[in-house]
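Examination of the molecular architecture
Chain residues, written in single-letter form:
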Amino acid sequence: MDPSGGSQRSGRLQAPEGGGGSQPWRRHIVRQLQHRDRRQQAMFQDLIRCYSRLLEKTSLAQGLLSCSVRPPSADSLTSLLQQSSQLKKTTGELAYQVVELQQQIKIKERVLDQQHARLQEDKRRREGALDEQRALQEQVEWVQQQNGALKTDYDGLLERQRGAESRLREEKVRGGHLLEDMIHLKQQAAARMNSRNERRSRCVLCHGVVFSSGFCSRAREANLQKQLQTAARSKVTLDSSSNAPTSRSTSPKNDDLDESMEPRRTRLFRSASATSPRIFTSIREMFGRKRRGHSVCSLEEDLVFPVGFCLSARVPVRALQVLEAHEQGINAVRFSSSSDLLATGGTDRVLKLWEVRAGSLAPRATLDGSTEGITCVEFDPAGFRVLAASYDKSAILWRLDDSVPKVTLTGHSRKVTAARFSSVLHQVATGSADRTVRLWDLHRAACVQLVDVASFCSDLVCSENCIISGHYDCKIRVWDTRASSCVQELPAQGRVTSLDLSSDHRQLLSCCRDDCLQLIDLRRWSHNRMCFRSEGFKCGSDSTKAVISPDSCYLAAGSADGAVYIWNVSTGNLETRLPDKHSSSISAVSWSLSGEYVVSVDKSRRAVLWSDI
């Protein structure tokens, strides 16, 4: 089918339309025919193209056949062979390229598969991360809600705190005014008390009895006791006449005393010995008046009583008793001046009193009042009271007949490591981990002196008008209580754990963490000292306490291996070692003033009574 024919037919159909325009039916027929031609032409367009290509191929085949009929020439055959070889070569190269491209396609497909797998994994991880994000978002919202509630509560508490602080300031102001008023009243009471004491002292001197207002040394007390015993054995002559009131004694000293008093025979009272009931009655009447003011001390505590003394201490060789004295570890132990009473204090917050009877310890009382562990124990010279230092930043005073504390001294900011009775009546000294040493008045239960120290105070002892303290900076300091200043500073070999004075106050014993005991002569205040060591002895803690025997001939200390070591002062050698009774480090030892017993305590609640009996 020839498209040109179609066009010619279309031209023939259009000719009549140009000839006359007055016949509408003709124009309509022409439009219909044109529409049919366009539609059929579109339908057979592909067929027409295929037909045209077939005609071209037919013409080409006819040309080849015409050429093949003619005999080929040599040049054309050679060119055809060359073309054939060239085509073969090209075909081989193309086949090789096809193989390489196929391999590359396979590699690309594997890479693509891996990428698809990673993409799927990343999608899963992304979905998991989105889930975690949503969970975290919910948690953040919940935390924000909680924070809002807490912020509301905090604002309320802050308002309450402001109100409490304002009330506290008001109460502090009121307390300050009350304290000033109380101090003023106590000063007036102290002035009245001092006046009465002066009058009493003058009256006592008129009766011939000398009472010391300070803490006398044990040597002077022993001498006084001997004189009283001699006076008790002497004969007394009483005369009713006032012109010849003399008393004669068989003692030469009393004879000399009477001769020296001969010019002053005229007296207001009859003469009598120190044991006369009449003089004790007059003294009792003098001091037996009702006390006024707010003093925390009683009449018996004001007087200085003779204290027993030891001529020769015994070196213990065996354990008489082993007992579990406390519910927890024991930190301190001390004998009373009468040697028949023992006090122990431990981390179980109680102080226990034990009676020493025939080589055994019998429980007597348990003193409560400390809210934390006890660090130090001390009896007063008269034997009526016991003082303890505590981890609760206070020092506590009890009477032996009352389990309720009589006085609680508060003011330290850290634990109190030592508490001792001062050389002045009704005063005690305390040392603390807050690097201060304080002097307290028991009449007012108030601090009267405060000394700041450069180091942690581990222990202290009191002598006449001075306090000696040991510290963690390897120093021993001597403080004058009259001037509130350090008058002497002695170096130690290590961190000081305890101090102890001899009974005559002439020698000072220090125990240090370098496993050495040092004995210092206080009469010279020299740096020369005796050092005591032993193989196996080791200071077990920062609060290990060592003691001097009452006759100043021996030193005793507990070791970390659970044994008690005793040294001879004169030879400087180890006298004995007492092992096998303690299962842990020994924290403290105490030697009775009679010289008969030694008690050691340890961190495992055990107390051991030693002697040579």
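Heads up: the structure comes first, above all this text.
Residues numbered from 1 in each chain as written. Predicted model: local features only at pLDDT ≥ 70, side-chain atom pairs only at ≥ 80, totals over all residues. Heavy atoms only, no water.

Some remarks on the pairing of strand 11 (residues 427-432)
Most of strand 11 sits inside the fold, with 6 of its 6 residues counted as buried. Of the two faces of strand 11, both are covered, the one formed by Gln-427, Ala-429 and Gly-431 as well as the one formed by Val-428, Thr-430 and Ser-432. The sheet contact formed by strand 10 (residues 416-421) and strand 11 spans 5 bridges and is antiparallel. Across the sheet, the residue bridging to Ala-418 is Gly-431, located in strand 11. In sequence, strand 10 turns back onto strand 11 through a hairpin of 5 residues, with His-426 there showing a positive phi of about 65°. In this antiparallel pair of consecutive strands, strand 11 and strand 12 (residues 436-441), the connection spans 3 residues, and Arg-435 shows a positive phi of 65°. (Buried < 20%, exposed > 50% of the residue type's maximum accessible area, 1.4 Å probe, protein only. Helix = DSSP H or I, 4+ residues; strand = E, 2+ residues; numbered from the N terminus. Pairing = 2+ DSSP bridges.)

Here we look at the environment of Ser-422
Relative to the helices and strands, Ser-422 resides in the loop between strand 10 and strand 11. Judged by relative accessible area, which is 11%, Ser-422 ranks as buried. Put simply, Ser-422 and Ser-463 are 41 residues apart on the chain and 7.2 Å apart in space, counted from C-alpha to C-alpha.

With respect to helix 2 (residues 24-43)
Given a rise of 1.5 Å per residue, 20 residues ought to cover 28 Å, and the 29 Å separating the end C-alpha atoms of helix 2 matches this to within 8%. Taken as a whole, helix 2 has its buried residues at Val-30, Gln-34 and Asp-37. Down the axis of helix 2, the buried side of the element spans an arc of 60°, and every buried residue falls inside it. Opposite the buried face of helix 2, at more than 90 degrees from it, the exposed residues are Trp-25, Ala-42 and Met-43. (Expected span 1.5 Å × (residues − 1). Arc of directions from axis to C-beta.)

Brief notes about the environment of Val-350
Turning to its location among the elements, Val-350 is positioned in the loop between strand 3 (341-346) and strand 4 (351-357). Counting along the chain gives 24 residues from Val-350 to Ile-374, while the straight-line C-alpha distance between them is 7.1 Å. Sequence-distant contacts of Val-350, defined by excluding residues within four places in its chain, comprise His-326, Thr-344, Gly-345, Thr-366, Leu-367, Asp-368 and Ile-374. (Contact = heavy atoms within 4.5 Å.)

Points about the pattern of salt bridges
When charged atoms on two side chains of opposite charge get close, those side chains can pair. One pass over the full model with this rule turns up 26 salt bridges. In this structure, the salt-bridge partner of Arg-420 is Asp-459, at a minimum N-O distance of 3.2 Å. Pair noted here: Arg-420 is in strand 10 and Asp-459 is in strand 14 (residues 457-463), with a separation of 39 residues, a long-range link. Each member of the pair Arg-420 and Asp-459 is classed as buried. (Salt bridge = Lys/Arg side-chain N within 4 Å of Asp/Glu carboxyl O.)

A closer look at the sheet that holds strand 24 (residues 564-568)
Here we have 4 strands laid out as an open sheet, ordered 22-23-24-25, and antiparallel in their pairing. Strands with a single pairing partner mark the edges of an open sheet, and in this sheet they are strand 22 (547-548) and strand 25 (574-578). Pairing of strand 24 with strand 25 involves 4 bridges; the strand directions are antiparallel. Following the sheet pairing, Ile-566 is matched in strand 25 by Thr-576.

Regarding the side chain of Thr-375
Mapping Thr-375 onto the fold places it in strand 6 (residues 374-379). Its relative accessible area of 9% is what places Thr-375 among the buried residues. Aside from chain neighbours lying at most four places away, what touches Thr-375 is Asn-331, Ala-332, Ala-389, Ser-390, Tyr-391, Val-416, Thr-417 and Lys-545.

Remarks on the packing of aromatic side chains
Scanning all chains against the criterion turns up 5 aromatic pairs. When the ring of Phe-456 is compared with that of Tyr-472, the centres are 4.1 Å apart and the planes differ by 10°; the resulting orientation is stacked. Linking Phe-456 in the loop between strand 13 (446-452) and strand 14 with Tyr-472 in the loop between strand 15 (466-471) and strand 16 (475-480), this pair joins segments that are 16 residues apart in sequence. With 5.3 Å between their ring centres and 90° between their planes, Phe-537 and Trp-567 make a pair best called edge-to-face. Taken together, the positions of Phe-537 in the loop between strand 21 (529-532) and strand 22 and Trp-567 in strand 24 put the pair 30 residues apart, joining distant regions of the chain. (Phe/Tyr/Trp six-rings, centres within 6.5 Å; stacked < 30°, edge-to-face > 60°.)

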